[in-house]
Amino acid sequence: MLRSRNRRLALYLLIGAGMYLALCFVMAKGYLSPIRRIPVAMPPLEERSANGTPVWTTPRFGSGKVLFVMSHGLGGARDTWSDLMLGLHERGYDCVAPAMPGQDAHPDPTIGFGAKEARTIAQTVEWARTQYGEPPKVVLVGLSMGGAAAWLASEIEPGVDGVVTEGAYARFDEAMNRFFDRRLPYGSVLFRPVVWFASSMSGTRAEEVVPLDSARKWRGRPSLVIQGSDDDLIQHSHAQRLAEASGGELWVVDKA
């Protein structure tokens, strides 16, 4: 009788563990391949291809002396930047906004924790320069994961002149732990297999994505770190460390 109960208990535990791991696997897939929103460029913004990456550009692209390269965050799309692109264009600046991997119309099926996104930014800069007779000054502008990617891209793309980020994380593993802990006490421990599955499927380990290291290498060149005072996901400590590491200005937006 006791042996029979022990067998049933072991079976239930095994089934429960399997369901738990299956849930973590589904969560990891959903995180890596979020629901896409593919916006349509509203005139005068133009839809173009930067060597296979869908991008939006301002009109008469290639005529300005300063180029802003804009990278959206997780769950975003290129229309994040529509108003800012048009406002900068009216002031004589060029802008290009690429779709990020796993989102918008980008052909890559999965996001990259900031690492893939950094390569997309660098490739966009490389393509954009071919559109100019004289190389422009290049300023990277990024939001959230796109901001983290902008810091990473500043290290791999030579010739960048400025970096502006908002809500960027200093370390991705810290941001991911915070993401889970906000939803459930000790969520970062309970859902650790989600991280393992996502890392395996993406080929990128969360602890290896450290924009803070890139910010240190950037130190002394123009940068601006923007942080919303009420952001409870990417906490103020991330912005503080990025600003200190890069030597850039920290701008905290009250009640944002």
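Report follows, based on the coordinates. Every value quoted in this text rests on a predicted model; they were computed, and no experiment measured them.

Our focus in this paragraph is the overall build of the chain. A tally of helices and strands in the chain yields nine helices and eight strands. With the principal axes as the frame, the chain shows a C-alpha extent of 85 × 35 × 30 Å. When burial is assessed residue by residue, the chain has 49% of its 256 residues classed as buried. Pairs at least 24 apart in sequence give 73% of the contacts found in the chain among residues at least 6 apart. Accessible surface computed for the chain: about 12,900 Å², of which carbon and sulfur atoms make up 58%.

Attention shifts here to the environment of S188. Looking at the secondary structure, you find S188 in helix 6 (residues 187-190). Separated by 15 residues in sequence, S188 and D173 have C-alpha atoms that sit 9.9 Å apart. Beyond its immediate chain neighbours, meaning those up to four positions away, S188 contacts N177, F180 and D181.

What follows deals with the pairing of strand 5 (residues 137-143). Among the seven residues in strand 5, five count as buried, and that is most of the element. As paired elements, strand 3 (residues 66-71) and strand 5 share six bridges and run parallel to each other. Its bridge partner lying in strand 5, S71 is registered against G142. Chirality of the crossover, the property in question, places the unit of strand 5, helix 4 (residues 145-156) and strand 6 (residues 162-166) among those that are right-handed.

Time to look at the packing of helix 4 against helix 8 (residues 211-218). For any two helices packed against each other, the geometry comes down to the angle between their axes and how far apart the axes lie. Two numbers describe how helix 4 lies on helix 8: the axes approach to 8 Å, and their chain directions differ by 50 degrees. For the element pair helix 4 / helix 8, the angle class is oblique. Crossing of helix 4 against helix 8: the hand is left-handed. Across the interface between the two elements, A148, W151, L152, S154 and E155 from helix 4 touch P211, S214, A215, K217 and W218 from helix 8.

Moving on, we get to the pairing of strand 7 (residues 223-228). Most of strand 7 sits out of view: five of its six residues are buried. Sheet analysis places strand 7 next to strand 8 (residues 249-253), joined by five bridges and oriented parallel. Looking at the pairing, V225 lines up with L250 of strand 8. In this fold, the crossover linking strand 7 to strand 8 by way of helix 9 (residues 236-246) has right-handed handedness.

With that settled, the discussion passes to the sheet that holds strand 1 (residues 46-50). Whenever strands of a sheet pair, they do so through backbone hydrogen bonds, lying parallel or antiparallel. Sheet architecture is open: eight strands sit in the order 1-2-4-3-5-6-7-8, paired in mixed fashion. A single partner strand is all that each edge strand has here, and the edge strands are strand 1 and strand 8. Each strand of the sheet is rotated relative to its neighbour by a mean of 20 degrees, with strand direction disregarded. Here helix 3 (residues 115-129) sits on the sheet and contacts strand 1, strand 2 (53-57), strand 3, strand 4 (94-98) and strand 5; the angle it forms with strand 3, its principal contact strand, is near 150 degrees.

Right, let's get into the layout of surface pockets. For the largest pocket, the calculated volume is near 280 Å³. If you trace the largest pocket, you find 16 residues lining it, with Y31, L74, F172, F179 and L233 closest to the centre. Going through the elements one at a time, helix 1 (2-32), helix 5 (172-183) and helix 7 (192-202) are the ones with two or more residues in the lining of the largest pocket. At five residues, the largest contribution of residues to the lining of the largest pocket is made by helix 5. Residue composition of the lining of the largest pocket, grouped by class: 14 nonpolar, two polar and no charged.

Okay, the nonpolar core next. Membership of the largest hydrophobic core comes to 53 residues, with the highest contact counts inside it found for L140 and F172. The next biggest cluster of nonpolar side chains, apart from the first, holds 13 residues, and it includes A41, M70, L88 and V141.

The next point concerns the packing of aromatic side chains. Overall, the coordinates contain 10 aromatic pairs when judged by the stated rule. For the pair F25 and F197, a centre-to-centre distance of 5.5 Å together with 90 degrees between the ring planes defines the contact as edge-to-face. Of the two residues, F25 is situated in helix 1 and F197 in helix 7; the sequence distance between them amounts to 172 residues. Note on F197: relative accessible area 26%, which makes it partly exposed. An angle of 75 degrees between the planes, with centres 5.4 Å apart, marks the rings of F179 and F180 as edge-to-face.

Thresholds, definitions, all that
Residues numbered from 1 in each chain as written. Predicted model: local features only at pLDDT ≥ 70, side-chain atom pairs only at ≥ 80, totals over all residues. Heavy atoms only, no water. Helix = DSSP H or I, 4+ residues; strand = E, 2+ residues; numbered from the N terminus. Buried < 20%, exposed > 50% of the residue type's maximum accessible area, 1.4 Å probe, protein only. Contact = heavy atoms within 4.5 Å. Areas by Shrake-Rupley, 256 points an atom, 1.4 Å probe, with all protein chains shown as cover. Pairing = 2+ DSSP bridges. Right-handed = clockwise from strand over helix to strand, strands pointing away. Axes fitted to C-alpha atoms, helices over the stretch in contact; angles between N-to-C directions. Parallel < 35°, antiparallel > 145°, perpendicular 65-115°, else oblique. Left-handed = near helix turned anticlockwise from the far one by under 90°. 1 Å grid on protein atoms, 1.4 Å probe; cavity = no way out; pocket = protein on both sides within 12 Å on 5 of 7 lines; lining within 4 Å. Points joined across faces, edges and corners; volume = space filled by probe spheres on them. Nonpolar A, V, L, I, M, F, W, Y, C, P; charged D, E, K, R; others polar. Core = buried A, V, L, I, M, F, W, Y, C linked by side-chain atoms within 4.5 Å. Phe/Tyr/Trp six-rings, centres within 6.5 Å; stacked < 30°, edge-to-face > 60°.

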